[in-house]
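Descriptive analysis of the structure
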Amino acid sequence: MELADYLRILRNHWIAVTAMVIVAAAVAFGWSSLQPKVYAASSSGFVTSGSGGDPGLDSLNDSLSKSRAASYVVLAKDRETASIVIDDLGLDTAPESLVGSIDAAQTPETVLIQITARAGTPEDAQELADAWVGALARRVSDIEGAKGGQGMRIEVSESAQLPTSPVSPNVQRNVLLGAVLGALLGAGYAVARTLLDRRLRSTEDVERAAKLSVVGSVPDLGKHDDLFVTASGVGTHAQAAEAIRRLRTNLSYMDVDNPPRAIVVTSPKQGDGKSTVAANLAAAIALSGQPVTLVDCDLRRPNVSRSLGLDDTVGLTDVLAGRVQLVDAVQEHPEITGLSVLTSGSRPPNPSEILGSQAMRGVVADLARVGMVVMDAPPLLPVTDAAIVAHSADGALITVSAGRTLDTELTSAIEHLHAVHARPLGVILNRVSRRNVGSGNYAHYGYAPDDYVETTAPEQKSKGSARS
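Residues numbered from 1 in each chain as written. Predicted model: local features only at pLDDT ≥ 70, side-chain atom pairs only at ≥ 80, totals over all residues. Heavy atoms only, no water.

With respect to the sheet that holds strand β1 (residues 39–48)
Stated formally: Strands qualify as paired when DSSP identifies two bridges or more between them. Here a strand is any run of E in DSSP of at least two residues, a helix any run of H or I of at least four, and the numbering for each starts at the N terminus. Helix axes are fitted only over the stretch in contact, all axes being lines through C-alpha atoms; the angle between N-to-C directions runs from 0 to 180 degrees. Only heavy atoms matter for contacts: two residues are in contact if any of them lie within 4.5 Å across the pair.
With antiparallel pairing, four strands are arranged side by side in an open sheet as β2-β3-β1-β4. The sheet terminates laterally at β2 (102–106) and β4 (153–158), the two strands that pair on one side only. The sheet shows a mean angle of 30 degrees between the axes of neighbouring strands, taken without regard to direction. Bridging between β1 and β4 involves five bridges; their strand directions are antiparallel. Across the sheet, residue Gly 45 finds its bridge partner in β4, namely Val 156. Lying over the sheet, helix α6 (residues 122–144) contacts β1, β2, β3 (112–119) and β4, oriented at roughly 20 degrees with respect to β1.

Quick look at the pairing of β3
Pairing of β1 with β3, which is carried by eight bridges, proceeds in the antiparallel orientation. Along β3, the bridge assignment pairs Gly 45 with Ile 113. Here β2 pairs with β3 via five bridges, running antiparallel. Across the sheet, the residue bridging to Gln 106 is Ile 113, located in β3. Counted between consecutive antiparallel strands, the loop separating β2 from β3 contains five residues, among which Glu 109 sits at a positive phi close to 60 degrees.

A look at the sheet that holds strand β11 (residues 395–401)
In any sheet, the strands associate via hydrogen bonds between backbone groups, in a parallel or an antiparallel arrangement. Strand order in the open sheet made by the eight strands is β5-β12-β11-β6-β10-β7-β9-β8, with mixed pairing throughout. At either margin of the open sheet sits one strand with a lone partner, and together these are β5 (214–219) and β8 (331–332). Strand direction decides the pairing type here: strand β6 (residues 262–266) and strand β10 (residues 372–376), joined by four bridges, are parallel. The residue of β10 that forms the bridge with Ala 262 is Val 373. This element, helix α10 (residues 274–287), spans β6, β7 (292–296), β9 (339–342), β10, β11 and β12 (424–432) of the sheet and lies at about 165 degrees to β10. Contacts between helix α15 (residues 358–370) and the sheet are confined to β6, β7, β9 and β10, with β10 contributing the most and set at about 135 degrees to the helix.

Some words on the side chain of Thr 293
Summarising the element assignment, Thr 293 is placed in strand β7. When residues no more than four places from it in sequence are discounted, the contact partners of Thr 293 are Ser 340, Leu 342, Leu 367, Met 372, Val 373 and Val 374.

Re α6
The condition is simple: A helix's residues, less one, multiplied by 1.5 Å, set its expected span.
Here α6 spans 33 Å end to end across 23 residues, near enough to the 33 Å set by a 1.5 Å rise per residue. Gly 145 sits one or two residues past α6 and shows a positive phi near 70 degrees.

A look at the confidence of the model for the chain
What counts here: Confidence scores here are pLDDT values: one per residue, from the predictor, ranging 0 to 100.
Across the chain, the average pLDDT comes to 86, with 88% of residues at or above 70. Contacts from residues 439–468, a stretch scored under 50 in pLDDT, to residues over four places away or in other chains number 44 contacts.

Thoughts on the environment of Trp 132
In plain terms, the rule: Residue exposure (1.4 Å probe, protein chains only): buried if accessible area is under 20% of the type maximum, exposed if over 50%, otherwise partly exposed.
Along the chain, the position of Trp 132 falls in helix α6. On the accessibility criterion, Trp 132 (0% relative accessible area) is buried. Through-space distance from the C-alpha of Trp 132 to that of Val 85 is 6.1 Å; in sequence the pair is 47 residues apart. Discounting chain neighbours no more than four positions away, the residues touching Trp 132 are Ala 76, Thr 81, Ala 82, Val 85, Leu 98, Val 99, Ile 102 and Ile 115.

Comments concerning unusual backbone geometry
The omega torsion of the bond from Ser 168 to Pro 169 falls at 0 degrees, within 30 degrees of zero and hence cis. Mapped onto the elements of the fold, Pro 169 is located in the loop between β4 and α7 (171–196). Here Glu 109, not a glycine, exhibits a phi torsion of approximately 60 degrees, which is positive. Residue placement: Glu 109 occurs in the loop between β2 and β3. Residue class for Glu 109 comes out exposed when judged on its relative accessible area of 68%. Here Arg 431, not a glycine, exhibits a phi torsion of approximately 60 degrees, which is positive. Mapped onto the elements of the fold, Arg 431 is located in strand β12.

Considerations on the packing of helix α4 (residues 79–89) against α6
Helix-helix packing: each pair is described by the crossing angle between the helix axes and the interaxial distance. Put simply, the rule reads: In these notes the angle categories are as follows: under 35 degrees is roughly parallel, over 145 is roughly antiparallel, 65 to 115 is roughly perpendicular, and the rest is oblique. A clockwise turn of the near helix away from the far one marks a right-handed crossing, whereas an anticlockwise turn of less than a right angle marks a left-handed crossing. Residue type decides the class: Asp, Glu, Lys and Arg count as charged, Ala, Val, Leu, Ile, Met, Phe, Trp, Tyr, Cys and Pro as nonpolar, and the leftover types, Gly among them, as polar.
Direction vectors running N to C along α4 and α6 enclose 125 degrees, while the axes themselves pass 9 Å from each other. Relative to α6, the element α4 is oriented oblique. Seen along the crossing, α4 lies across α6 with a hand that is right-handed. For the pair α4 and α6, the contacting residues are Glu 80, Thr 81, Ala 82, Ile 84, Val 85, Asp 88 and Leu 89 in the first and Glu 127, Leu 128, Ala 131, Trp 132, Ala 135, Leu 136, Arg 138 and Arg 139 in the second. Partitioned by chemical class, the residues of the contact of α4 with α6 number nine nonpolar, one polar and five charged.

Looking at the side chain of Asp 298
Where we set the bar: Nitrogen and oxygen atoms within 3.5 Å of one another constitute a polar contact, given that in protein one can donate a hydrogen and the other can accept it, and given that sequence-neighbouring residues count only through two side-chain atoms.
Within the secondary structure, Asp 298 sits in the loop between β7 and α11 (304–308). For Asp 298, a relative accessible area of 7% corresponds to the buried category. Here Arg 301 takes part through its backbone nitrogen, which lies 3.1 Å from a polar atom of the side chain of Asp 298. In this view, Asp 298 contacts Lys 274, Ser 344, Asp 376, Ala 377 and Pro 378; residues no more than four positions away in its chain are not counted.

Following this line, the structure appears as structure tokens:
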């Protein structure tokens, strides 16, 4: 993956990443608050070898003091020195435990030895540091046999200051480290979830899984599933209406020499918005000046008549059964010129057999001679109706829901079409986040959504202008 892919992943899962950062920082803060506070104080001693006076002897003594200071640092960390401090302060602890609270170091190129003591209170840390320097001075005096100011010895050069703040725990550092750890965990979670997620979220996901092009992306309108491509205007659904118009344009250029005239709109499963897409696609085609018939081929759960507010007393099943003529069953849409609708009619007991009949192929052929035919078919995975209808049509458009449809569901739906030698024309990615769809090409030309109206006749233009 490229950097842009990682940025897209983080953008898609920013809530989870942010939550992990906050939780990790809060855990680090809570853990730090429960830890005992530790204070540190430092005292230093000066290694000397007696009184001076002779420059040459002083230089020799200084070199000797520096070399012996390194040995005294080791001496400061032994149990004997700790035992002296325990006796001086009256502590109830083992020498080995007390040595762990002390750090001894020689300042480079000097004769100074610094003792840093850690304790639970500022006073104890100060007292322990001073006592340790004193105990080390006594040890050195006993070992070196310094008497009368002669021989190697340690003198206190600086007493310990009372510490004002604890050195541990470092709350700010721990919280920062916790936040960084949370960010790493969140990023790992986002990448892992993206790699394991089988849901189709983008055009790239669809094309990679289906090896088909995405011919249209329709934004998510929430609970709105009405006819948003209308003759009088598009209202608050301008973005979705423009997406449908782009889909119509893509269809017209799909096969210039032999463009599809009978198109099935289906989906892998129920609830992907195929009926809404089919109705609006038919309306957009009609508004371009080309006659079109919208046929409700979903004989199990018909939806076209309800969404368009038309009568479903007589429809496709009645024509196929020979009870009425095709011309009598087709209804003209009351607002959009050029849009005819053939509802499903009464529900039959054998939808698959009826849709696969010779009569159905005849109806499609008759309608295609008049204009384009858009057929709303059932989902491909639950039943075979859509595949049967697509076999007698010029191809099928498969509608999927962004963030809901799995790649395996889409590939299975395509296999259903190939099994009956039907032609998949492409995929329509429905319910795409509006920020990913774009604001519509018309916005770049100065048109506001409420002002954008597509008309095919002067009277429709006047009607749209009046409403605006």
